[in-house]
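Given next are the chains, with one letter for each unit.
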Amino acid sequence: VWGTGYALDYPMPLQQVMLLTCLAAALYTLARTHLAVFAAHERFRDVSAVNVTLRTVIVAGSVTLLYLGYRVLPLMVFLIPVYAAMLVLMHALTRRLGGFSALRARWADLRYLVVQGAPIAVGGLAATAYYGIDLFLLTSLASADTAGYFAIGVRFFMLLVTLPDLLATVAYPVFSRRATQESSSS
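Residues numbered from 1 in each chain as written. Predicted model: local features only at pLDDT ≥ 70, side-chain atom pairs only at ≥ 80, totals over all residues. Heavy atoms only, no water.

A. Structural detail: the overall build of the protein chain. When you go through the protein chain residue by residue, the secondary structure sums to 8 helices and 0 strands. If you list the helices and strands of the protein chain from N to C, you get α-α-α-α-α-α-α-α. Seen along its three principal axes, the alpha-carbon backbone of the protein chain occupies a region of about 60 × 35 × 35 Å. With 186 residues in all, the protein chain has 20% of them scored as buried. For the protein chain, contacts bridging at least 24 residues in sequence account for 65% of all contacts bridging at least 6. One way to put it: in the protein chain the 13 positive side-chain charges average out to a point 12 Å from where the 8 negative ones average out. (Helix = DSSP H or I, 4+ residues; strand = E, 2+ residues; numbered from the N terminus. Buried < 20%, exposed > 50% of the residue type's maximum accessible area, 1.4 Å probe, protein only. Contact = heavy atoms within 4.5 Å. Lys, Arg positive; Asp, Glu negative; His and termini not counted. Charge placed at Lys NZ, Arg CZ, Asp CG, Glu CD.)

As structure tokens, this is what we get:
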């Protein structure tokens, strides 16, 4: 990611933000790998409590930093310990709930996960590319004003997508249990 920012001749502060974003995203991704254990044990309340707490800490901390006059770089630095704490918490809860560590998977487990998760991974990559790469491309192909207006438009879109995401989050446990009940009865 930093190489892309360098190749597109982004200013150094933006390259730093990109690098910190990658680090925060890596920690968040490692923490989220534990969610499947909670879903398998149908402990959705625990997952919801962790997600609500995490988002509350992020919003409260970000608003506080902005109120104190900090800019984007400190906000990104703030995310790293928050996501690291989430990783430690999820790891501890997973060990207690499942008796194993999601971070210490065997090679056979990883191969199985890759094979079984490939369709979801491809969909995730496509969605990420759809929602994430457009601004980088537009910045290199269009004016800064155009990219800025587009970025604002995407923010409004993401705001509107919150409701369907909420409905999907509420429906997930119900559909998961129903699918488990139907597969065990056949």
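B. Quick look at the packing of aromatic side chains. If you walk through the whole model with that rule in mind, you get 1 aromatic pair. Between Tyr28 and Tyr83, the ring centres sit 4.9 Å apart and the planes meet at 50°, which makes this aromatic pair tilted. With a gap of 55 residues between them, Tyr28 in helix H2 (residues 12–32) and Tyr83 in helix H5 (residues 72–98) connect regions that are remote in the sequence. (Phe/Tyr/Trp six-rings, centres within 6.5 Å; stacked < 30°, edge-to-face > 60°.)

C. Structural context of a nonpolar patch on the surface. A cluster of nonpolar side chains, namely Leu8, Ile133, Phe136, Leu137 and Leu141, defines an oily patch on the protein surface of about 490 Å² accessible area. The class for Ile133 is partly exposed, based on a relative accessible area of 46%. (Patch = residues over 30% accessible without salt bridge, like charges linked within 9 Å, V, L, I, M, F, W, Y side chains within 5 Å. Areas by Shrake-Rupley, 256 points an atom, 1.4 Å probe, with all protein chains shown as cover. Salt bridge = Lys/Arg side-chain N within 4 Å of Asp/Glu carboxyl O.)

D. Fine view of the nonpolar core. Leu54, Ile58, Leu79, Tyr83, Met86 and Met90 are the most contacted members of the largest nonpolar core, which totals 19 residues. Within the residue set of this core, elements represented by two or more residues are H2, helix H3 (35–40), helix H4 (44–67) and H5. In terms of residue count, H5 provides more of this core than any other element does, 8 residues in total. Setting aside residues up to four positions removed in sequence, Met90 forms contacts with Ala31, His34, Leu35, Phe38 and Val50. (Core = buried A, V, L, I, M, F, W, Y, C linked by side-chain atoms within 4.5 Å.)

E. Seen up close, the packing of H2 against H5. Packing of H2 against H5 brings their axes to within 8 Å, and their N-to-C directions diverge by 15°. When the axes of H2 and H5 are compared, the pair comes out roughly parallel. The two elements H2 and H5 cross, and the hand of that crossing is left-handed. Across the interface between the two elements, Gln16, Val17, Leu20, Thr21, Leu23, Ala24, Leu27, Tyr28, Leu30 and Ala31 from H2 touch Val72, Leu73, Met76, Val77, Leu79, Ile80, Tyr83, Ala84, Met86, Leu87 and Met90 from H5. A class-by-class count of the residues in the contact of H2 with H5 yields 19 nonpolar, 2 polar and no charged. (Axes fitted to C-alpha atoms, helices over the stretch in contact; angles between N-to-C directions. Parallel < 35°, antiparallel > 145°, perpendicular 65-115°, else oblique. Left-handed = near helix turned anticlockwise from the far one by under 90°. Nonpolar A, V, L, I, M, F, W, Y, C, P; charged D, E, K, R; others polar.)

F. Layout of the packing of H4 against H5. Contact geometry for H4 and H5: axes closest at 10 Å, N-to-C directions at 160°. Classified by the angle between their axes, H4 and H5 sit roughly antiparallel to one another. Seen from above, H4 lies across H5 with right-handed handedness. Touching Val50, Asn51, Leu54, Val57, Ile58, Gly61, Ser62, Leu65 and Leu66 of H4 are Pro74, Leu75, Phe78, Leu79, Val82, Tyr83, Met86, Leu89, Met90 and Leu93, all from H5.

G. Representation of the side chain of Gln15 in the model. Mapped onto the elements, Gln15 comes out in helix H2. Under the relative-accessibility criterion, Gln15 is labelled buried at 4%. A distance of 2.8 Å separates a polar side-chain atom of Gln15 from the backbone oxygen of Tyr10. Other than its neighbours up to four places away in sequence, Gln15 contacts Trp2, Gly5, Tyr6 and Tyr10. (Polar contact = N/O pair within 3.5 Å; in protein donor to acceptor, adjacent residues only side chain to side chain.)

H. Structural detail: the environment of Val47. Mapping Val47 onto the fold places it in helix H4. Judged by its relative accessible area of 13%, Val47 falls in the buried class. The sequence separation of Val47 and Leu35 amounts to 12 residues, and the corresponding C-alpha distance is 6.9 Å. When residues no more than four places from it in sequence are discounted, the contact partners of Val47 are Leu35 and Phe38.

I. Region of interest: the environment of Leu97. Of note, Leu97 is situated in helix H5. Sequence spacing of Leu97 and Phe175 is 78 residues, and the spatial spacing of their C-alpha atoms is 22 Å. Ignoring any residue separated from it by four or fewer positions in sequence, one finds Leu97 in contact with Val37, Phe38, His41 and Arg43.

That is the geometry; function is a separate question.
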